[in-house]
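Read off the chains here:
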Amino acid sequence: MQLVIYFLMILTYTHADYPALKTLLSEKGLGGVSQMMSVRIQSELKSTAIPEVRGGIDIWIGTVDYDLSNMQVVECSMPDPSLVFVQGTGVSVTVSQLSLGVTGSWATQFGIIHDDGSFDLAVYNVQIYTLLQLGDDAGRLSITTVSCSADIGDVDIQFHGGASFIFQPFVSSFSGKISDMIREQICPATQQAINELEIKLQEIPVNVPVGQYIYLSIPLTSSPAVTDQSFELDIKGEFYSRSSPSEPPFSASVFDVQYAENSMLSLAASEFFVNSAAYAFLRSGVLQINIRDDMIPKSSPIHLNTSQFGAFIPQLRTLYPNMEMQVLLYASETPLFSFSSGVIDVHVPAAAKFSAVKPDGTLVPLFTLDVDCSFSGSALIDKENLTGAFEMKNLTLTLGSSEIGDFKTDSFQRVLVMAVKMFVLPKLNAALKIGFLLPTLQGFSLINSQLLIKNGFVVVFTDVQDSLTGL
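Since the structure is predicted, the reported quantities are computational estimates derived from the model, not experimental observations.

K.L.:
Describe the state of the cysteines, naming the residues involved and giving the relevant values.
P.N.:
Summed over all chains, the structure comprises one disulfide. A sulfur-sulfur separation of 2.2 Å characterises the disulfide bridge that pairs Cys148 with Cys187. On the S-S bond that ties Cys148 to Cys187, the torsion sits near -85°, and the link is left-handed. Of this pair, Cys148 sits in strand 8 (residues 140-160) while Cys187 sits in helix 4 (residues 171-203), and the two are 39 residues apart along the sequence. Take Cys148: its relative accessible area is 28%, and that puts it in the partly exposed class. The exposure class assigned to Cys187 is buried, which follows from its relative accessible area of 18%. Of all cysteine sulfurs, the one in Cys148 lies closest to Cys76, which takes part in no disulfide; the gap is 17 Å.

K.L.:
Account for the sheet that holds strand 22 (residues 444-454), with residues named and values stated.
P.N.:
The strand order across the open sheet formed by six strands is 11-12-1-14-23-22, and the pairing between neighbours is antiparallel. Since the sheet does not close on itself, it has two edges, and those belong to strand 11 (225-226) and strand 22, each with one partner. Pairing of strand 1 (residues 21-26) with strand 14 (residues 265-270), which is carried by five bridges, proceeds in the antiparallel orientation. The partner of Leu25 across the bridge, within strand 14, is Leu265. On the sheet, helix 5 (residues 271-284) packs against strand 1 and strand 14 and is oriented at approximately 50° with respect to strand 14.

K.L.:
An account of the side chain of Ser266 is requested, with residue identities and associated values reported.
P.N.:
Mapping Ser266 onto the fold places it in strand 14. With relative accessibility at 1%, the residue Ser266 sits in the buried group. Beyond its immediate sequence surroundings of up to four residues, Ser266 is in contact with Lys22, Thr23, Leu24, Val257, Gln258, Tyr259, Ala260, Val459, Val460 and Phe461.

K.L.:
Residues and numbers for the pattern of salt bridges, please.
P.N.:
Two side chains carrying opposite charge are able to pair once their charged atoms lie near each other. Summed over the entire model, instances satisfying the criterion amount to eight salt bridges. Residues Lys22 and Glu232 are paired through a salt bridge, measuring 3.0 Å at the closest nitrogen-oxygen approach. One end of the pair, Lys22, is in strand 1; the other, Glu232, is in strand 12 (residues 230-235), and 210 residues separate them in sequence. The pair formed by Lys22 and Glu232 is uniform in burial state, with each residue classed as buried. When the shortest N-O distance is used, the salt bridge between Asp345 and Lys393 registers 3.5 Å. Placement of Asp345 in strand 18 (residues 343-357) and of Lys393 in strand 20 (residues 385-402) is noted, with a sequence separation of 48 residues between them. Accessibility expressed as a relative area gives 17% for Asp345, which makes it buried.

K.L.:
Now, about the sheet that holds strand 13 (residues 238-241): what can you tell me, with residues and values included?
P.N.:
On the basis of which strands lie adjacent, the open sheet formed by three strands has the order 9-10-13 and antiparallel pairing. Edge positions in the sheet fall to strand 9 (207-210) and strand 13, since each has one partner strand and no second. When the angles between neighbouring strand axes are averaged without regard to direction, this sheet yields 30°. In this sheet, strand 13 lies alongside strand 10 (residues 214-217) in antiparallel orientation, the contact comprising four bridges. Bridged to Ser217 within strand 13 is Glu238. Here helix 5 sits on the sheet and contacts strand 10 and strand 13; the angle it forms with strand 13, its principal contact strand, is near 0°.

K.L.:
Which residues make up the side chain of His303, and what are the values?
P.N.:
With respect to the element layout, His303 can be found in the loop between strand 15 (288-292) and helix 6 (306-309). Note on His303: relative accessible area 16%, which makes it buried. Within the structure, the side chain of His303 is placed 3.1 Å from the side chain of Asp293, a separation counted as a polar contact. When near neighbours in sequence (up to four residues on either side) are disregarded, His303 contacts Asp293, Ile296, Pro297, Lys298, Gln308 and Phe309.

K.L.:
An account of helix 8 (residues 410-434) is needed here, citing residue identities and associated values.
P.N.:
Its 25 residues place the ends of helix 8 35 Å apart at the C-alpha level, agreeing with the 36 Å of an ideal helix rising 1.5 Å per residue. Within helix 8, the axis deviates most sharply at Val420, by approximately 35°. Among the residues of helix 8, Phe412, Val415, Val417, Ala419, Val420, Phe423, Leu425 and Leu432 are the ones counted as buried. Contacts made by the buried residues of helix 8 are with helix 6, strand 18, strand 19 (363-382), strand 20 and strand 21 (436-437).

K.L.:
Run through the nonpolar core, naming residues and quoting values.
P.N.:
Leu68, Phe309, Phe354 and Phe367 are the most contacted members of the largest nonpolar core, which totals 105 residues. If sequence neighbours within four positions are ignored, Phe367 has contacts with Phe309, Ile313, Leu316, Met325, Ala352, Lys353, Phe354, Leu399, Ser401, Ser402, Ile404 and Phe407. Counting nine residues, the second-largest nonpolar core is a separate cluster that includes Leu24, Phe255, Val257 and Val459.

K.L.:
Outline a nonpolar patch on the surface, supporting the account with residue identities and numerical values.
P.N.:
A cluster of nonpolar side chains, contributed by Ile289, Met295 and Leu329, occupies part of the molecular surface with about 230 Å² of accessible area. For Ile289, the position within the fold is in strand 15.

K.L.:
Can you explain unusual backbone geometry? Please cite residues and give values.
P.N.:
Even without glycine at this site, Ser341 takes up a positive phi of about 40°. Inspection of the secondary structure assignment puts Ser341 in the loop between strand 17 (336-340) and strand 18. Accessibility expressed as a relative area gives 59% for Ser341, which makes it exposed.

Calculation criteria
Throughout this document, residue positions are counted from 1 along each chain, in the order its sequence is written. In view of the model being predicted, local features appear only for residues whose pLDDT reaches at least 70, and side-chain atom pairs are presented and counted only at 80 or more, with totals across whole chains, interfaces and linings using the full set of residues. Values shown for side chains rest on all heavy atoms present in the structure; no hydrogens or waters enter the calculation. Pairs of cysteine sulfur atoms within 2.5 Å are what we label disulfides. Runs of H or I in DSSP of at least four residues are treated as helices and runs of E of at least two as strands, each being numbered from the N terminus. Each residue gets one of three labels from its accessible area relative to the maximum for its type: buried under 20%, exposed over 50%, partly exposed in between, using a 1.4 Å probe on protein chains only. Pairing between strands is defined by DSSP: at least two bridges between them are needed. Contact between two residues is taken to exist if any of their heavy atoms lie within 4.5 Å; hydrogens are not considered. Whenever a helix is involved, its axis is fitted only over the stretch in contact; in every case the axis is a line through C-alpha atoms, and angles between N-to-C directions fall within 0 to 180 degrees. Salt bridges, as used here, are contacts in which a Lys or Arg side-chain nitrogen is within 4 Å of a carboxyl oxygen on Asp or Glu. Between N or O atoms, a polar contact is any pair within 3.5 Å; within protein, one atom must be a potential hydrogen donor and the other a potential acceptor, and residues adjacent in sequence are included only when both atoms are from side chains. Expected span, for any helix, means 1.5 Å times one less than how many residues it has. Two axes enter the bend calculation: one fitted to the seven residues ending at the residue in question, the other to the seven starting there, and the bend is the angle between them. The term nonpolar core refers to a set of buried residues drawn from Ala, Val, Leu, Ile, Met, Phe, Trp, Tyr and Cys, joined through side-chain atoms within 4.5 Å. Only residues whose relative accessible area exceeds 30% and that take part in no salt bridge are eligible for patches, with like-charged residues grouped when within 9 Å of each other and nonpolar side chains (Val, Leu, Ile, Met, Phe, Trp, Tyr) grouped when within 5 Å. Accessible surface area values rest on a Shrake-Rupley calculation with a 1.4 Å probe, where residue burial reflects the displayed protein chains alone.

Here is the structure:
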């Protein structure tokens, strides 16, 4: 039970009228949760201390007071729980044929007679049925218990030590009382576990810091959608600048993702998700870089000095001979990504502010070039890495402003295009070929993952493996 809620909890750990993130759990995914539950429930039960049990048994000549203590689960056997989507509600969880082996200590008192020893307790065919409702509480996933029932097939107790042979004939009386006691505690214990995890769900922040400059807003945009075949979470998925949060000049669009029967999870992100991150970085003032000549590879066909730039801008040699130059390159508007049928397009409006560097380090403004460039590429998942490759579609330069008079940018544009193709893109694609490790859910790893680029969004179909159990 606890694992079901934990698994659902980590799924959410994703000015949007529509969600920019979607997570869908399929029937296969629910089956995977069932397998993980079986292993973890057995593991948790074996580490659970059972409370002391006290009572009295009437043996016709009086009452024998008993105390069962130091109880510990030493054996646990159960098939995988049955988890089923309940349309419009949530998930039903059925645990059947759960059997436990328990050891402990016993002590009895009959008048002035005291005795003690050890015992073995076997509990057979425990049946538990719980219906969980999944909802939305102020943008956070909520889980409540709709119903719970439990039953126990049989209980067998064997006493050892002391005068246990005297009390063995009354085992049936002990068994009935202990069976009732265990059955009565199952649903309250289940409800308590759900309540505690519901509290943890409500403590999950809806704004998650992502590095130093931005944060991601991940409240649910609607109640979970539960069908008889899948479970879907719609998540806002919008990035904001931490220093200057504001809404971007574009909005999220509706997109629809179908769950994949052969994959446990479907994870989808729209163009808005990526573009809101670009806008948040722009608002944070970090989409800029100062470029000096010592940062440019020696093999580059162009270097930052007035003598070399004089080949494109003759007046530089006259006005500022033999001086180093510096470039402030910055995004003039939000870089925008678009997804369509296997292709990722990126449009980057930028500007480059050139300055001459005096011997004392002060800068002399020279001119500003407006740069409009676009790239096209693809991405895929290779094992556990996100990989890709890009090529340049277009790069144009225009003179934005100048302190040294007008000049043509055609020659400079041709050299810059060559430099990007020969030096920038090869290094970028070499890094993308190696790829980046896919994000993982806490305690889980993604396997058998496939990335598809659709119109307006990307989606990852994947299976999930429990890092502890390997299931």
